[in-house]
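# Inside the fold
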Amino acid sequence: MPAGVASATWLNKIAKEKTKLLQEMFEMEPIHVEVKDPKTKKPRPHCQGEDIVYKWDAIYATDPMMKGIVVDTVTGPSTPGKDYVDDINANPAMPYQQLRALVGDGGKWKWPEIWKNLDLLPRRGPAWRHIDDPCNLGKIENPNPHIVPLKCLVVGGGPVGLRLAIELVLGGHRVTLFEKRREIIDKESGLFEKVGFTNRVNRPHINNFCRNDLDRLNGRNFMTPKMCYPVFTNAHTSSIGIDESQMLLLKTALLLGVNFELGVGYENAEVDIENEKNQRPTWLVSYTADKIAQERYGKSDAGEERFDCLFGCDGGQSKVRVTQVEWLGEPKTRLYKKMFGIVSNLRKCSKAKLRSLGHETGLEPEDRAGGTTGIFFYKASYHNYFIVHPPADEMEANGIPWKGVFSFHRARADQNQEKVNMKNTLRTFMTKKAIELGIPIDETLPNGGFVEEPNDVMGFDFSEFYNCEKSAACMVPPLEWDTDEDDEWEIHCPLVALCGDAVSDPNWLLGVGLQRGWNSALDACFYADNIYNNKHFNGKVPMKDEPIEEPIEWAEHMDNMMNLMQKLGNNARDSKLSEEMDTGMLEEKGPVVVQIRRQLAGQKVEAPVPQYLPQVEPWGRYKEFTLAIKNNYKGQDLFKNIHPLATRELAIFEHNAKTVDKATGQVAKADKPAPEEKRKAPQVNAEEVQEIAKQKSFRLRESIVQQAMNPTPAGIDKKDRGGLDSLIFQAAKRGAQKSEAAPTADDINFSPKGRRGSAVKRDSMLSPMDMSAINNLTAQLSRAAPSSALSPDDPMYEVRQQTIKYEKEGMLSKLHVAKKEFARAQAEQEAAQARMEHAKKEMAMLEKICAAFDKAEAKMGK
């Protein structure tokens, strides 16, 4: 068999294997309770984030052949094994691009949409690659070409850590994520020995901007319809499981090239200077690794690794925050009013049970967002989420202590009886509360209708809140620093930043956890992008009229960075969001929507109003900066200065339109431009031109007659009259001299409005016939009723009298105001004169006193 045929057959076999594995990974969703497969009716296996990581190992991470695939790009072949940190001129391909080169659409209708969404994620810095790259659609410019790619460590695989890792990769940085929590379940008892990183099933409220963001990150494609229901529906009650968000974000992060190391835990980090000559500081991170991680990543049980940046996304008990107190300070705590929250996750009830509980349709009640009532009910795919915020007297009556509890048993051996008793108390209370509020619960199901521990029921004491006053720090020398010329750099602090719950306590009653987390993650990425960017960044909103024309002095650049860190930290913590961030919609009259509509006005299409998608740049995310941003698009700048988001959305719109045209068998204009036709001079129809001229002449004559018939109030001078009224007086003045004369070249003045360009006569815009008619009409009107002397019998006499009366009153009022203004000005002038005289006298007095002192000192000296 020819080698080429064998090779093609072998590749086809590999492609089929990878397609099957990818399909399995894409369909994975968190399952904590028994769920039957709709086709086989057999129980579906337990599934968590660990399963995605293991599946990815088989698809890509441990397969040298997949990592070695070379992808053709607009800038040439990709460079497997080499990224921008190794060489700024490298050309790395992301894993999804290598997989797509092998499997294509996999025969799946949804995969082209998955690849397209990944393609359209905004790139920055070196990852932007080239304007003709498919990701940029030939129109999207690099938003930050001055990014220096960094080796970044993200600690914590929660939603915020994964979101930060994704955005860092899109800026060309190399990203490793440490996640210590590996799920271990005792095979005999089925109970947890260790809780995994996606074992939290609680459902935080999700803001519109966050929901939009998850959508562009393939949320709808990586979540089953059941999971999509509560996320992409009613904005008021939109929620998402922590585990659901983690699993969909994990799929995207792996496809984009995040190095996810499961079973590796952060221990500490020390500042270390590897190169004494350039003084560039790095973090020397110490870690631990479990046995699986040691084998999988080639690590020892404890070791060290060097990184340029350190990001703590490791929750309320953040080890990064604890170990970096020197740079971030101690978190502040403050007491709040007595507040306790109880969270529970209930098993789904059967339709028969729902009917027996009073839900006649057999359907569950609608979601409820508690607000001030403190009662929340969110439906999930395979369980329901129920929160109660009981007052102190109700807690006391039900024997609930002011003590938080979130626990699990280590198999059946190590049970904490105090926690067991408290769990039972909470379950009893939540069962009673669910029945009281009409929340469906079936006590005959396992664990009394609650899901298994640790997610069955939990108590949280919110009487005290913590808050980090500093969420980030950085102080580094410029890249070109040389100790031989520049001496020692004084303060060495590589970028360190906290995100999400590590910064401040997540008050889930306010529903701000993910909101704060998303903003702090994007802010941290913005810092990484601009650490070494003193050419494009000055810590302020980029202004069109104030461009940065030369590099910022380095000490000032570091100050700008630190000041902005403090400012953005406050904005994220206090949720000071812009209107577009808050609503998740672009402003209807904002520059982006207006420019899109203007651009598409000539096409027979309905201009889209895109959703608001959060950007790495903070200027559009926080209210503080929105006014400055709008100043870039005022007046004529609205259409001269095209907003980058408008450019992006128009490029995506045109790309989608082109795709639709191809799918329907039509050829898009962009694909096959129509051949240019030779322009012909327009044919002039003399009769038609003459007829139009007559019509215009008639309309003009009619307007002049109407104006002439309207009497002018007395006292108005001819030179003050405007428009056609003025024209009538000009015609009457010239009268017979020019009534029959043809206009000369001197009578013509071309209009400054070039496009309308009609010739205008300087003295007369009318033909001799029109002038004759106006002269006769003016003479008749003058004889019949002079505008300055109406008789008492004339209907307009009373109107004229009242007009004169009110004009006089108005003039008297203006005169009175003018007198007062004059008196005030005169008084101010007199006061100023008096102050001047006083100052002169005081000055003279002080001069005399000083002279007296001088004489006294002279005598004493003698």
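Think of each chain on its own: its residues are numbered from 1, step by step along the sequence as written. Local features in this predicted model are restricted to residues of pLDDT 70 or higher, and side-chain atom pairs are both shown and tallied only at a pLDDT of 80 or more, whereas totals for entire chains, interfaces and linings draw on every residue. Only hydrogens and water are removed before side-chain values are computed, so all heavy atoms of the structure are retained for them.

### Some points on the pattern of salt bridges
Note that side chains of opposite charge can pair when their charged atoms are close. When a carboxyl oxygen of Asp or Glu lies within 4 Å of a side-chain nitrogen of Lys or Arg, that pair is called a salt bridge. A full pass over the atoms with the stated rule returns 42 salt bridges. With a shortest N-O distance of 2.7 Å, lysine 18 and aspartate 63 are connected by a salt bridge. Note that lysine 18 is positioned in helix α1 (residues 3-27) and aspartate 63 in the loop between α2 (49-61) and α3 (64-67), a separation of 45 residues in sequence. The exposure classification of lysine 18 matches that of aspartate 63, with both residues buried. Numbering goes from the N terminus for both helices and strands, where a helix is a DSSP run of H or I of at least four residues and a strand is a run of E of at least two. The classification of residues rests on relative accessible area computed with a 1.4 Å probe and restricted to protein chains. Under 20% of the type maximum is buried, over 50% is exposed, and intermediate values are partly exposed.

### What about the environment of glycine 157?
Looking at where glycine 157 falls in the secondary structure, it is placed in the loop between β3 (151-155) and α6 (159-170). The class for glycine 157 is buried, based on a relative accessible area of 0%. In what follows, a contact means two residues having at least one pair of non-hydrogen atoms within 4.5 Å. In this view, glycine 157 contacts Leu162, Leu177, Phe178, Glu179, Phe197, Gln246 and Phe260; residues no more than four positions away in its chain are not counted.

### Some points on the pairing of strand β9 (residues 281-289)
When strand β8 (residues 264-273) meets β9, the two strands line up antiparallel, connected through nine bridges. Directly across from asparagine 268, in β9, lies its bridge partner serine 286. For two strands to be treated as a pair, DSSP must find at least two bridges joining them.

### A closer look at the packing of helix α18 (residues 513-530) against helix α19 (residues 554-573)
All axes here are fitted lines through C-alpha atoms, helices being fitted over the stretch that makes contact, and every angle between N-to-C directions spans 0 to 180 degrees. Where α18 meets α19, the closest approach of the two axes is 9 Å, and the angle between their N-to-C directions is 170°. Taken together, α18 and α19 sit at an angle that is classed as roughly antiparallel. Only His557, Met561, Leu564, Met565, Leu568, Gly569, Ala572 and Arg573 of α19 make contact with α18, whose side of the interface consists of Arg516, Asn519, Ser520, Asp523, Phe526, Tyr527 and Asn530. The residue makeup of the contact of α18 with α19, split by class, is seven nonpolar, five polar and three charged. An angle below 35 degrees is treated as roughly parallel, one above 145 as roughly antiparallel, one from 65 to 115 as roughly perpendicular, and anything else as oblique. When residues are sorted by character, Ala, Val, Leu, Ile, Met, Phe, Trp, Tyr, Cys and Pro go into the nonpolar class, Asp, Glu, Lys and Arg into the charged class, and all the rest, Gly among them, into the polar class.

### Observations regarding α19
Residue count minus one, scaled by 1.5 Å, sets the expected span of a helix. With 20 residues, α19 should reach 28 Å at 1.5 Å per residue; the first-to-last C-alpha distance of 29 Å fits that figure. Within the sequence span of α19, burial applies to Trp554, His557, Met558, Asn560, Met561, Leu564, Met565, Leu568, Gly569, Asn571, Ala572 and Arg573. Buried residues along α19 sit in contact with β17 (464-467), β18 (472-475), β19 (493-498), α18 and α22 (623-631). Two N or O atoms form a polar contact when they lie within 3.5 Å of each other; inside protein one atom must be a possible hydrogen donor and the other a possible acceptor, and for residues adjacent in sequence the pair counts only when both atoms belong to side chains. By the N-cap criterion, in which a side-chain oxygen at the helix start approaches the backbone nitrogen of a residue two or three places on, α19 is capped by glutamate 553, the distance to alanine 555 being 3.2 Å. One or two positions beyond α19, positive phi appears at serine 575, with a value near 55°.

### Observations concerning the sheet that holds strand β10 (residues 302-307)
Reading across the sheet, the three strands line up as β8-β9-β10 and stay open at both edges, with antiparallel pairing between neighbours. Both edges of this open sheet fall to β8 and β10, since each of them pairs with a single strand only. Strand-to-strand twist of the sheet, defined as the mean angle between neighbouring strand axes without regard to direction, takes the value 25°. With six bridges joining them, β9 and β10 adopt antiparallel strand pairing.

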